[in-house]
Structure formats: C-alpha cells, structure tokens
Amino acid sequence: MDGYLGVIVIVAVVAVLAVGGLFLLFRPGRKAAPPVKPPETPVLPEEEAKRPAGAGEEAEGATTTLPPPEVKPAEPLVKEPEVETPPPSAGRMVRLRSRLARSQNALGRGLLELLSRDRLDDEVWDEIEESLISADVGVAPTQVMVEELRTRVKVLGSRSQEEVRGLLREQLLAQVNPDLDRTLRVRRHGERPAVVLVVGVNGTGKTTTTGKLARSLVGDGKKVVLGAADTFRAAAADQLQTWGERVGADTVRGPEGGDPASVAFDAVAKGIEEKVDTVIVDTAGRLHTKTGLMDELGKVKRVIEKKATVDEVLLVLDATTGQNGMRQAQVFAEVVNITGIALTKLDGTAKGGIVISVQRELGVPVKLVGLGEGPDDLAPFDPEVFVDAILGD
C-alpha cells in the first residue's frame, strides 16, 4: 500500500512539472518597442532654394518655395572724393593776421623801441638801419625810410609812443605802396576764360599755390580748369589733380616728360569748350639758372596765346629765401612778363621786408601771400593789414 502512495506522489510531481514547462513554453511574448524615428534635419533657406520644382511641402495642394537670398552689389574699391565747398577769399588776410603778427612783429617792436629812446644819435639810427636791412627791406628802401624818419622826428621834437608808432606805420605803408593795383585778373572775358600762368623754381610751393588759388577761386563762385604743365616733376601732376578733385575742378595733364606747351594748350582749349571762368597753368620749375627752362616758359606762353590771352603771370617766391629770391624774380621777369608775386611761407621765420624789396625791384605788386599750410591759407595781400601785423596792436 505504501508503495502505491509513493508512485502516485512521483507521478503527480512529474505531471505538475510537465504542465509548468508547457505553460512557460507556450506563454505569449512581450510586445517589441516601436522603432525610434530619427530626428528631422531642418532645411536651410539656401538648400530650400536649391530644391527642384515640386520638392517643397504641399499645403492644400500648393507648393511653397522660398525666394533666393538678395545679393547686394559690391561696393566700388575706389570711392569718389567728396567735393568740398571752400570759403570765399574776401577777408582771409584779416582772419590770418595773428599768424603774420607772431612771426613779423619782432621787427616792429624792435623799431618802436629804438625810435622811442630819449636820445636818437647816429648810433641809434645805425641800429634802425641794420634792423630794416636784416628784415630784407633792401638797402635803397631802408635808406629812404631812415632819412624820412630822421626828418619827421626832428620836426616833432618830443615823441610819445603813439606818435612814434604812427610815424613808423606811415613810412612802412609808403614803402609797401598801397596804391599798386593788386587785382587778380581771373574773370572770363567774351567767349574765352582768363588764363593764369604760375611760374617759379621748385621748392617755393608753386604747385601747392596753384592748387590753393584754384580752391580760392572756386570759393568765390568761379569755374576753374587746371593745366599740369610741370611734366618734368613726377608728382606734380598727381598733386595738382588732387587739389582739383577736392573742389570739383578738372585737371588737364600729359605724359611724364611730355611737352609742357602742349598740356597748356589743351588746358586752355578745354577751358574754352567748357566755358569756365579761369584756366590756371602750373609750369615747370627746375633751377632758374638753366637756359632750357627759361626757353620752355617762353614757348608755353607763346603757345597759349594762340588760343587765348595770358591775363596773369604769377611768380611764386619763398619769403624765407630773402635776397636769393630777388635773383630768381629778376631772371623770370626777363623771360615772361610777370604781373604779380605770390609770396609763400610768410607765416614762419620769414623777414617780411621782402614784400618791399621785391616790389621795388620788379615794379610789380605782391598779390597773394601764403600764411600757413592749410588749404585755405592763401590770401589776397592787404598792405594795411600787413603793416599793422608787423607793428602789433
């Protein structure tokens, strides 16, 4: 009996294990996780624009395509220079008087001090004479001034500071000669423009003065053409053209080393064609001792006169060169008929007496003075302003 029970238990255990194994074998499996969708890559506007037609997203049956990006035009590599509006020339010397006074009134103070002494003996008069000569007044003008001052002082007897200043002002003004005609002939006449020929040796500021004069005339409302006839100096034409571009004036130029007379002729022809007021011709300025240069200047003037009249011949002199500048002036005057002097660098260590001596030697007036390095520092010469600046306030 016990044997049967053992067999039954064993069979029952085997049956349970078999049923469990079948359950595990045929149990339904877990559902697999859904596949992960990769993230969408945003489409850039450039790529969207490159898609072929019909590749865009459809919305309500329509295809949307982004427009191509706007392409901005490239900026020019070289910008046009801005045209400036220079101030008029009227009153410039008055405005620049302080610059002149700083450099010149040492002469005036010295003369006033000498003339104010209680006793004016021969020794004092010699000092006055030396002061005037050292200021480049020249020997002959100095002798005239000293003689006049001596006579007037004797007549006055006792002298106050104001009386002495008045005497000196009167004599200086007489030597500067305010009666000379200092008018610049730059007005158009008939169908032709006025022609200004600018001459002088290199280093005096000739080309710069030409550019400043053009600027001054534009400031006065005139239309100007520049002629770069200094073809022997490499940078002269470029320099002059820069001055012209600043104020909207055309510059006629030729090849380096070319014929200056041809450039001058073309400049005048352009001035006539464009009906400008003034043509300013910058000429060559090599050493004045070279005969070839003087012959060339004469040729330039003759060629210009085939088209128009040369109304002004301005000689540019460096005020700091003193009596050497006088020699330059005399040589140029022999070749071309100088009508006026443009005296540069009068604001520095220049001795202002050269105004007196150059006018006396050449018989032509100082018409323009350079009183600084700025573009508007060229001024019409005013004798009274000049003398008052020498004497100080």
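Everything quoted here is computed from the prediction, not taken from an experiment.

### Things to note about empty space enclosed by the protein
Where empty space is left can be seen by rolling a probe of water-molecule size over the atoms. In the structure shown here, the tally under the stated rule is one cavity of 30 Å³ or more. Roughly 30 Å³ of volume is contained in the largest cavity. Along the walls of the largest cavity sit L107, V137, L172, G352, G353, I356, F386 and I390, which together make up its complete lining.

### As for the packing of aromatic side chains
Counted under the stated rule, the structure contains one aromatic pair. Aromatic pair F381 and F386: ring centres 5.3 Å apart, planes at 55°, arrangement tilted. Since its relative accessible area comes to 6%, F381 is described here as buried. With a relative accessible area of 1%, F386 lands in the buried category. Between the NZ or CZ atom of R246 and the centre of the ring of W243, over which it lies, the distance is 5.1 Å.

### Focus: the layout of surface pockets
If you add up the space inside the largest pocket, you get close to 270 Å³. Lining the largest pocket are 17 residues, with S89, L184, V186, D220 and P380 sitting closest to its centre. At the level of elements, helix 8 (206-219), strand 9 (366-370) and strand 10 (378-380) are the ones that each hand at least two residues to the lining of the largest pocket. Taken together, the residues that form the lining of the largest pocket break down as nine nonpolar, three polar and five charged.

### A few points about the sheet that holds strand 10
Pairing is mixed across the open sheet formed by eight strands, whose spatial order is 5-4-6-3-7-8-9-10. Since the sheet does not close on itself, it has two edges, and those belong to strand 5 (250-253) and strand 10, each with one partner. Taking the axes of each pair of neighbouring strands and ignoring which way they run, one obtains an average angle of 25° across the sheet. Of the strand pairs in this sheet, strand 3 (residues 194-199) and strand 7 (residues 310-318) are connected by five bridges, and their pairing is parallel. Along strand 7, the bridge assignment pairs L197 with V313. This element, helix 8, spans strand 3, strand 4 (224-228), strand 6 (278-282), strand 7, strand 8 (340-344), strand 9 and strand 10 of the sheet and lies at about 170° to strand 6. Along the sheet, helix 9 (residues 236-247) contacts strand 4, strand 5 and strand 6; its crossing angle with strand 5, the most-contacted strand, is approximately 165°.

Rules used throughout
- Residues numbered from 1 in each chain as written.
- Predicted model: local features only at pLDDT ≥ 70, side-chain atom pairs only at ≥ 80, totals over all residues.
- Heavy atoms only, no water.
- 1 Å grid on protein atoms, 1.4 Å probe; cavity = no way out; pocket = protein on both sides within 12 Å on 5 of 7 lines; lining within 4 Å.
- Points joined across faces, edges and corners; volume = space filled by probe spheres on them.
- Phe/Tyr/Trp six-rings, centres within 6.5 Å; stacked < 30°, edge-to-face > 60°.
- Buried < 20%, exposed > 50% of the residue type's maximum accessible area, 1.4 Å probe, protein only.
- Lys NZ or Arg CZ within 6 Å of the ring centre and 35° of its normal.
- Helix = DSSP H or I, 4+ residues; strand = E, 2+ residues; numbered from the N terminus.
- Nonpolar A, V, L, I, M, F, W, Y, C, P; charged D, E, K, R; others polar.
- Pairing = 2+ DSSP bridges.
- Axes fitted to C-alpha atoms, helices over the stretch in contact; angles between N-to-C directions.
- Contact = heavy atoms within 4.5 Å.

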